[in-house]
Amino acid sequence: MKYIDEFRDGRLARAIGDAIRRAVDPGRRYNLMEFCGGHTHAIARYGLPDLLPRNVRMIHGPGCPVCVLPIGRIDNAIEIASRANVILCSFGDTLRVPASGQMSLLKAKARGADVRMVYSSLDAVAIARDNPARQVVFFAIGFETTMPTTAVAVKKAEALGLRNFSVFCNHVLTPAALEAILTTQGGDDSMVDGIVGPAHVSTVIGSAPYASFTQRYRKPLVIAGFEPLDVLQAVLMLVRQLNEGRSEVENEYTRAVTAQGNLKAQAMVEDMFEPLASFEWRGLGEVPWSALKLRARYRLFDAEARFQVETRAVADAKACECGTILRGLKEPKDCKIFGTVCTPENPVGACMVSSEGACAAYYTYGRFTIPIAQARA
C-alpha cells in the first residue's frame with residue numbers, strides 16, 4: 001500500500017539504524033523526546049530501540065491529549081453527563097479515564113448517565129438534531145489536529161438552528177506544552193537534546209511555529225511521520241544536527257507537512273476560539289495560554305457557560321507516575337504499579353487508557369523489558 005509498506009521495510013530500517021550507529025559520537029549521549037503519543041506507539045510497536053545505539057535515548061513527552069487532561073476536567077464531564085435531560089458525547093478513549101472516587105464516564109454511564117461514544121464531532125450534532133428535547137454536549141478534546149473538527153460541528157449546529165447543542169471545550173496547544181517542557185527542564189541545560197516533532201499537529205499548524213523554540217532553546221526539532229522509517233530517519237537527522245552544533249527545524253514528513261500548514265483550518269480555529277490565560281495539564285500543572293475557549297459570539301454553544309461548570313484541581317493517585325512520565329522524567333517501567341495494579345483492563349492513570357498513552361504502548365508491545373541491543377551489550 002502506498003506510503004505504508006514503503007515506510008515499514010525492515011531492510012531499510014536496519015540500514016538507517018546502521019547509519020545512526022555510524023553517526024553518533026560514542027563519547028556523548030543523545031536524549032531525544034518524541035513529543036507525540038503516536039510516535040511513542042510506533043517506537044514500541046516496531047521495536048525501534050533495538051536498532052538504536054545505547055547512547056541514543058528516546059524520551060516520551062506530553063503528546064497524548066487524553067493523557068494530559070487533568071482529573072478535574074473529567075470530573076466536570078461526569079457532572080454534566082449526570083444531569084437530567086443531558087446526553088454527553090465523547091470519543092472512546094476518554095470514557096475510561098479514571099476520575100475522582102474511582103469514577104469514569106463509562107462507570108457514570110453504567111449508573112444511568114446518558115454517555116455515548118462518537119467517532120466524529122458531527123455525530124454529536126446529528127444526535128442533537130434527532131433529540132430536540134435533550135441537551136447534547138460534545139466533550140471536545142485534542143491538540144490542533146481536532147480543533148477544526150469541533151469548529152465544523154459548532155458551525156453545523158448554528159446552521160441547523162440547534163439550541164440544544166454545546167461543546168465542553170478542552171482543546172490544548174502543542175507549542176505551549178513544548179515551551180513548558182523546555183522551560184521546566186532548564187532551557188539550555190535541559191535533559192532533552194532534540195525533539196521529534198508531532199506529525200498530525202504539524203499538518204495543521206505547519207513547521208514554521210517551531211522556529212522560535214529551536215532558536216531560543218538551541219534544540220533541534222525534526223517533524224516526523226508515524227511509520228518506523230519516519231521515526232528512524234528523524235532520529236538520524238537530529239543526531240546529525242547535534243553533531244554539527246545546529247538547532248534548526250527540519251521536516252522529514254514532507255509528504256504531509258508544509259511550512260505554513262493548513263491555512264483554511266487555521267482560519268476556522270481563529271474564528272471560533274480564543275486562548276485561555278491558563279489551563280491545567282496533567283503532569284505540567286497550570287500552563288499559561290495553553291488552551292482554547294469559544295469566543296463570546298459562540299457562547300450559546302459553550303457548555304461551561306450553559307451548565308456553569310466550575311473546574312477544580314484534583315491530585316492524581318499517589319502511586320501513579322503518569323504526570324512524571326508526561327514530563328519525560330520517568331518511563332512506564334519506573335512506575336511501581338505498572339503492569340500489576342495498573343493494566344489496560346484496570347487503569348489507574350490516563351497513560352494506560354489512551355490509545356496514544358506511553359504506558360499503554362509499553363504494556364501492549366512488551367517494551368517494559370530492556371531492548372535486546374542493551375541486553376547483549
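What you see is a predicted model; the values in this text were computed from it and never measured.

A few points about the pattern of salt bridges
Reasoning step 1: Counted by the stated rule, this structure contains 20 salt bridges.
Reasoning step 2: Salt-bridge contacts for glutamate 227 lead to arginine 8; the nearest nitrogen and oxygen are separated by 2.6 Å. Residue glutamate 227 is found in the loop between β8 (221-223) and α12 (228-244), and its partner arginine 8 is found in the segment before α1 (10-23); the two are separated by 219 residues along the sequence.
Reasoning step 3: If you follow the salt bridges from partner to partner, you end up with Glu244, Arg246, Glu248 and Glu250 in one network.

Remarks on the state of the cysteines
Reasoning step 1: Tallying each qualifying case throughout the model produces two disulfides.
Reasoning step 2: Residue cysteine 322 pairs covalently with cysteine 351 via a disulfide, S to S 2.3 Å. Residues cysteine 322 and cysteine 351 are joined through a disulfide that is right-handed, its torsion about the S-S bond being 75 degrees. Taken together, the positions of cysteine 322 in helix α15 (residues 322-326) and cysteine 351 in the loop between α15 and α16 (358-365) put the pair 29 residues apart, joining distant regions of the chain.
Reasoning step 3: Judged by its relative accessible area of 2%, cysteine 322 falls in the buried class.
Reasoning step 4: The connectivity of the disulfides in the protein is 1-2, 3-4, where the numbers refer to bonded cysteines in sequence order.
Reasoning step 5: This cysteine, cysteine 36, is not joined by any disulfide, and cysteine 64 carries the nearest cysteine sulfur, 8.9 Å off.
Reasoning step 6: Looking at cysteine 36, the relative accessible area reads 10%, which means it is buried.
Reasoning step 7: Lacking any disulfide linkage, cysteine 169 is separated from the closest cysteine sulfur, that of cysteine 89, by 16 Å.

Basis of the calculations
- Counting of residues starts from 1 at the beginning of each chain's written sequence and follows it residue by residue.
- Reporting of local features is limited, given that this is a predicted model, to residues whose pLDDT is at least 70; pairs of side-chain atoms are given and counted only at 80 or more, and all residues count toward the totals for whole chains, interfaces and linings.
- Computation of side-chain values: all heavy atoms of the structure, hydrogens and water removed.
- Salt bridges are defined by distance alone: a side-chain nitrogen of Lys or Arg within 4 Å of a carboxyl oxygen of Asp or Glu.
- Counting from the N terminus, the helices are DSSP H or I runs at least four residues long and the strands are E runs at least two residues long.
- We call a pair of cysteine sulfur atoms a disulfide whenever their separation is within 2.5 Å.
- Only protein chains enter the accessibility calculation, which uses a 1.4 Å probe; a residue whose area is less than 20% of its type maximum is buried, one above 50% is exposed, and one in between is partly exposed.

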